[in-house]
Amino acid sequence: MPIDLINSFKNPEHIKALSLQIKKEAKRRINIMEICGGHTHAIMKYGLTQLLPPQIEFVHGPGCPVCIMPKERIDEAIEIARQPNIILVTLGDMIRVPGSKTSLQDLRAEGYDIRALYSPLDTLKIANENPDKTVVFFAVGFETTTPMSAVLVEKVVKERIKNILFHINHVLVPPPIHTIMQEGADIDAFLGPSHVSVITGYNIFTPIVEKYKTPIVVSGFEPSDVMESVLRITREFNEGRCEVENEYSRVVAKEGNVKAQKLIEKYFEVRESFRWRGLGDIPKSALKLKDEFAKLDAEIVFASKLSKKPIDDHKFCICADILKGRAKPFECKIFAKACNPKTPVGSCMVSSEGACAAYFKYGKFLRN
Ligand code: SF4
């Protein structure tokens, strides 16, 4: 995208005009859950809450893939990494998230071979350079990152690569939203995740809008995107409408990326259930490799080594309530004290998309 166009989405005059318009038109209290952690960071980074009238409130949602990963899944990655001749690879922040006793980062310091990737396809090079080892890709992420994992699976299958396995933790956006709403959350509308929608299309949100009567506006990440989306939500309420809207039309289409969807369907199927950190077991909320690719599935290959026992979070950590939009990071007793980015206690502080990390980094812009 041309740099001039990107800058136009940060134009202070445009953002100010949107702020004035929202203040003029907002007639009722609207609790807006931003589903995606990327939006949480944009809101905090640009101090957008300060530009909104008091009746517009943002609450944070479950759309940070690192934050929602339960400890037992991290323990599984740790246990696999401890097996002989294993190189465990994963993306970004996952390495720092604490499991029940340690993290992948700490395990690496003990000498185990654990590597952070920039792209899942880097796994191919590592496997090629280490033919006597098995490389296990600990795959995380929402619908956004699943296509890259599917591309990697396809390469492994087609090129008959023998030393790559997969531990699949890909999760889906709509099921936890249903769970949160069915628990009676005080949410009037949603900012829809944009990167997820690039893959899925924005049509996947229609059942949520129809069932809970909550408008959803799929929004870009620039400050003017978020402000424009809030204005659209405000207008839906004023005009008695309840719809899915697509503010991010420069990137997102109604049907999404059909080619990517087909590739995902070729290799993955929906799990019966998956346990989310803070949200518990949610039916049909995650993916796994299809049975015909069981030989590539690290969960099956190492089944005898893995305990599937659920593990609770630290007793002071309120990530569960934060991920459901019921609490803000400031309400945690150990926020910015025992829990901080250098010594994170919970996943919401570890992840670069986590709400606690956003409040720690940009808290000075908060409206109290
Ligand atoms: S500040 Fe730390 S311990 Fe508290 S909720 Fe956030 S991640 Fe959990």
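Residues numbered from 1 in each chain as written. Predicted model: local features only at pLDDT ≥ 70, side-chain atom pairs only at ≥ 80, totals over all residues. Heavy atoms only, no water.

Some words on the pattern of salt bridges
Now for step 1: A full pass over the atoms with the stated rule returns 25 salt bridges.
Now for step 2: As a salt-bridge pair, glutamate 228 and arginine 232 come within 3.2 Å of each other at their nearest N and O atoms. Of the two residues, glutamate 228 and arginine 232 are both situated in helix α11 (residues 223-238); the distance of four residues between them amounts to about one turn of the helix.
Now for step 3: Given the relative accessible area of 23%, glutamate 228 is considered partly exposed.
Now for step 4: Note that glutamate 269 is salt-bridged to lysine 288, the shortest N-O span being 2.8 Å. You can see glutamate 269 sitting in strand β10 (residues 268-270) and its partner lysine 288 sitting in strand β13 (residues 287-289), a full 19 residues away along the chain.
Now for step 5: We classify glutamate 269 as partly exposed; its relative accessible area is 27%.
Now for step 6: Taking relative accessible area as the criterion, lysine 288 reaches 22% and is therefore assigned partly exposed.
Now for step 7: Each of Glu228, Arg232, Glu239, Arg241, Glu243 and Glu245 takes part in salt bridges that share partners, so that together they form one network. (Salt bridge = Lys/Arg side-chain N within 4 Å of Asp/Glu carboxyl O. Helix = DSSP H or I, 4+ residues; strand = E, 2+ residues; numbered from the N terminus. Buried < 20%, exposed > 50% of the residue type's maximum accessible area, 1.4 Å probe, protein only.)

Concerning the nonpolar core
Now for step 1: With 72 residues, the main nonpolar core has Leu88 and Phe190 as its most contacted residues.
Now for step 2: Look past the residues within four positions of phenylalanine 190 in its chain and what remains in contact with it is Ile32, Met33, Ile35, Ile177, Met181, Ile208, Thr214, Pro215, Ile216, Val217 and Ile233.
Now for step 3: Counting 28 residues, the second-largest nonpolar core is a separate cluster that includes Leu124, Ala139, Ala150 and Leu296. (Core = buried A, V, L, I, M, F, W, Y, C linked by side-chain atoms within 4.5 Å. Contact = heavy atoms within 4.5 Å.)

Points about the environment of proline 147
Now for step 1: One can find proline 147 in helix α7 (residues 146-158).
Now for step 2: On the basis of relative accessible area, proline 147 is assigned to the buried category, the value being 10%.
Now for step 3: A sequence separation of 201 residues divides proline 147 from cysteine 348, and the C-alpha atoms of the two residues are 25 Å apart.
Now for step 4: Those residues in contact with proline 147 that sit more than four places away from it in its chain are Ile199, Ala260, Leu263 and Ile264.

Observations regarding the domain arrangement of the protein
Now for step 1: Annotation of the protein at the domain level lists domain 1 (3-64 + 185-246), domain 2 (71-173 + 256-305) and domain 3 (319-362).
Now for step 2: Counting residues at the interface gives 13 residues for domain 1, matched by 12 residues for domain 2.
Now for step 3: Carbon and sulfur atoms make up 76% of the area that domain 1 and domain 2 hide from each other, which totals about 860 Å².
Now for step 4: Of all residues in domain 1, Pro62, Val196 and Ile199 bury the most surface against domain 2, accounting for 56% of the area lost on that side.
Now for step 5: At the junction of domain 1 and domain 2, the tally comes to zero salt bridges.
Now for step 6: Where domain 1 touches domain 2, the interface holds four residue pairs in polar contact (both at pLDDT 80 or more).
Now for step 7: If you list the elements that add at least two residues to the side of domain 1 that touches domain 2, you get β2 (56-63) and α9 (194-200).
Now for step 8: Looking at the side of domain 1 that touches domain 2, the element that brings in the most residues is α9, giving six residues.
Now for step 9: Taken together, the residues of the side of domain 1 that touches domain 2 sort by class into eight nonpolar, five polar and no charged. (Domains from an automatic or database assignment. Buried area = accessible area lost by both parts, 1.4 Å probe. Polar contact = N/O pair within 3.5 Å; in protein donor to acceptor, adjacent residues only side chain to side chain. Nonpolar A, V, L, I, M, F, W, Y, C, P; charged D, E, K, R; others polar.)

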